[in-house]
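Structure assessment
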Amino acid sequence: MHFPQNRDYTVIVYILAMALILFGCSGIERSEEDKVRRRNCKGEYIHRKHDESFCQIAFPASAPRSAYPWEGHLPGISKEFFRCKGSSANPPIVDRSDPSNPAPRTDCEGSSRHGLPILRAQQGVYPILLDLLNHVQQLTGKRVIITSGHRCPAHNTYVDPSKGNGFSKHQIGAEVDFYVQDMEKRPMEVIQIVMDYYKTHPQYKGQKEFEEFLRYDKPDVKLTTKPWLNKEIFIKYHSPSEGRNGDNRHSYPYISLQVRYDRDAKERVVYDWKRANLGYPHD
Ligand SMILES: [Zn+2]
């Protein structure tokens, strides 16, 4: 006769414990509860329309984004924007195409060493240039980038040594080269805005010699687009392959505005050597 050993009792207790866990009375009770619950429950379907909800959620609507801090606050164009862009850090340039002039061209020492042209007893540029550029900025909401404002004679020669450039009105504060940010490829729209200024501004409105722009077709201007001129200004359009110089090394088309007539002094504005070379404060 075989009597169970201690080890056998352990196995039997283990099996009974597992059976209790798996098939415990709680499971049986739960199924009874379920039966009662099911008996007392009534099926009821909830019918909702597609747009019904407890909390109405507003349909998303597009809203314009708020402006970044640097947007909508374009700084007004002042004479400070016109300061000479020369720098003593620019390297000397040796023009090997002209053996008669082997001396290298050097740049000026920059606007920290010399000022703007003296105009009516103070440093500045012709005010019509400021008026037109500020008008372009206000109307377009885009930033005007001045690539070349005042050029002292040294910087003027450094950026463009050609003979004709020696008479550049950049030297007397009467010329500016610029383009408009975000409108780099649409300079004709900017030119139209400049022309329309003369049709709408009360100072010029109704005066034919300011309102009407003629085309300049003399051969001394070698541009594919004929410039425009009225009594006060001369407008030149430079394509991406024209008018490239040390100040205009970008790849965009750009616009030059040149003052022809001083509306305050009521006289023509012409290049003047003395004004260009001596008419500005420098060391
Ligand atoms: Zn300079």
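The structure this text deals with has already been given above.
So, a few notes on the structure that sits alongside this text. (Residues numbered from 1 in each chain as written. Predicted model: local features only at pLDDT ≥ 70, side-chain atom pairs only at ≥ 80, totals over all residues. Heavy atoms only, no water.)

1. A word on the overall build of the chain
When helices and strands are tallied, the chain shows seven helices and 10 strands. The C-alpha atoms of the chain give a radius of gyration of 41 Å, which is well past the 19 Å a tight globule of 283 residues would have. Reported as C-alpha extents along the three principal axes, the dimensions of the chain are approximately 135 × 55 × 40 Å. Residue burial in the chain is summarised as follows: out of 283 residues, 37% are buried. (Helix = DSSP H or I, 4+ residues; strand = E, 2+ residues; numbered from the N terminus. Rg over C-alpha atoms; globule rule 2.2 N^0.38 Å. Buried < 20%, exposed > 50% of the residue type's maximum accessible area, 1.4 Å probe, protein only.)

2. Here's the deal with the nonpolar core
Soluble globular proteins tend to bury their nonpolar side chains together. Ranked by internal contacts, the top residues of the largest apolar core, which has 41 residues, are F82, I235 and L257. It is helix α5 (residues 187–200) that contributes the most residues to this core, seven residues altogether. Among all residues touching I235, those that are not within four sequence positions of it are I191, V194, M195, F213, P227, W228, I255, S256 and L257. With five residues, the next largest nonpolar core counts Y216, V221, L223 and F234 among its residues. (Core = buried A, V, L, I, M, F, W, Y, C linked by side-chain atoms within 4.5 Å. Contact = heavy atoms within 4.5 Å.)

3. Some thoughts on the packing of helix α3 (residues 127–140) against α5
Remark: α3 packs on α5, axes separated minimally by 10 Å, with the N-to-C direction vectors making an angle of 115°. Note that α3 runs across α5; the crossing there is right-handed. Packed against α3, whose contacting residues are I128, D131, L132, H135, V136, L139 and T140, the element α5 presents V190, I193, V194, Y197 and Y198 at the interface. Considered class by class, the residues forming the contact of α3 with α5 number nine nonpolar, two polar and one charged. (Axes fitted to C-alpha atoms, helices over the stretch in contact; angles between N-to-C directions. Left-handed = near helix turned anticlockwise from the far one by under 90°. Nonpolar A, V, L, I, M, F, W, Y, C, P; charged D, E, K, R; others polar.)

4. Let's talk about a nonpolar patch on the surface
Residues V11, Y14, I15, M18 and I21 make up a contiguous nonpolar surface patch of about 530 Å² in total accessible area. By the element assignment, M18 lies in helix α1 (residues 6–22). Judged by relative accessible area, which is 35%, M18 ranks as partly exposed. (Patch = residues over 30% accessible without salt bridge, like charges linked within 9 Å, V, L, I, M, F, W, Y side chains within 5 Å. Areas by Shrake-Rupley, 256 points an atom, 1.4 Å probe, with all protein chains shown as cover. Salt bridge = Lys/Arg side-chain N within 4 Å of Asp/Glu carboxyl O.)

5. A word on the side chain of N134
Tracing the sequence through the fold places N134 in helix α3. Here the side chain of N134 touches I77 through a polar contact of 2.7 Å, landing on its backbone nitrogen. Excluding anything up to four places from it in sequence, N134 contacts G76 and I77. (Polar contact = N/O pair within 3.5 Å; in protein donor to acceptor, adjacent residues only side chain to side chain.)

6. What to know about α5
The end-to-end C-alpha distance of α5, which contains 14 residues, comes to 20 Å, matching closely the 20 Å that a straight helix rising 1.5 Å per residue would cover. Here α5 has its buried residues at P187, V190, I191, I193, V194, M195, Y197 and Y198. On its buried face, α5 sits against α3, β4 (175–180), α6 (208–211), β6 (228–229), β7 (233–238) and β8 (254–259). (Expected span 1.5 Å × (residues − 1).)

7. Considerations on the packing of aromatic side chains
Under the criterion given, the structure shown has 10 aromatic pairs. Joined through ring pairs, the aromatic side chains of Y197, Y198, Y204, F210, F213 and Y261 make up one cluster. One residue, K231, lies across the ring of Y261, its end atom 4.5 Å from the ring centre. (Phe/Tyr/Trp six-rings, centres within 6.5 Å; stacked < 30°, edge-to-face > 60°. Lys NZ or Arg CZ within 6 Å of the ring centre and 35° of its normal.)

8. Comments concerning unusual backbone geometry
Positive phi is not limited to glycine here, since R120 has a value of about 50°. For R120, the location among the structural elements is in the loop between β1 (118–119) and β2 (122–123). Residue classification places R120 among the partly exposed residues on the basis of a relative accessible area of 44%. A positive phi angle is found at K266, which is not glycine, with a value near 55°.

9. Regarding the coordination of the zinc ion
Four donors placed tetrahedrally about a metal ideally form angles of 109.5 degrees, and six donors placed octahedrally ideally form angles of 90 or 180 degrees. The zinc ion binds to the protein through C84 (SG), C108 (SG), H114 (NE2) and C152 (SG); the donor distances cover 2.1 to 2.3 Å. One way to put it: the four donor atoms around the zinc ion meet at angles of 102 to 118°, and that makes the site tetrahedral. Donor residues binding the zinc ion come from one chain and are separated in sequence as C-x23-C-x5-H-x37-C. Here the residue C84 occupies a position in the loop between α2 (25–40) and β1, and H114 occupies one in the loop between α2 and β1, the gap between them amounting to 30 residues. (Donors = N, O, S within 2.8 Å, 3.2 Å for Na, K, Ca; no water. Tetrahedral: all angles 85-135°; square planar, octahedral: opposite > 155°, others 65-115°.)

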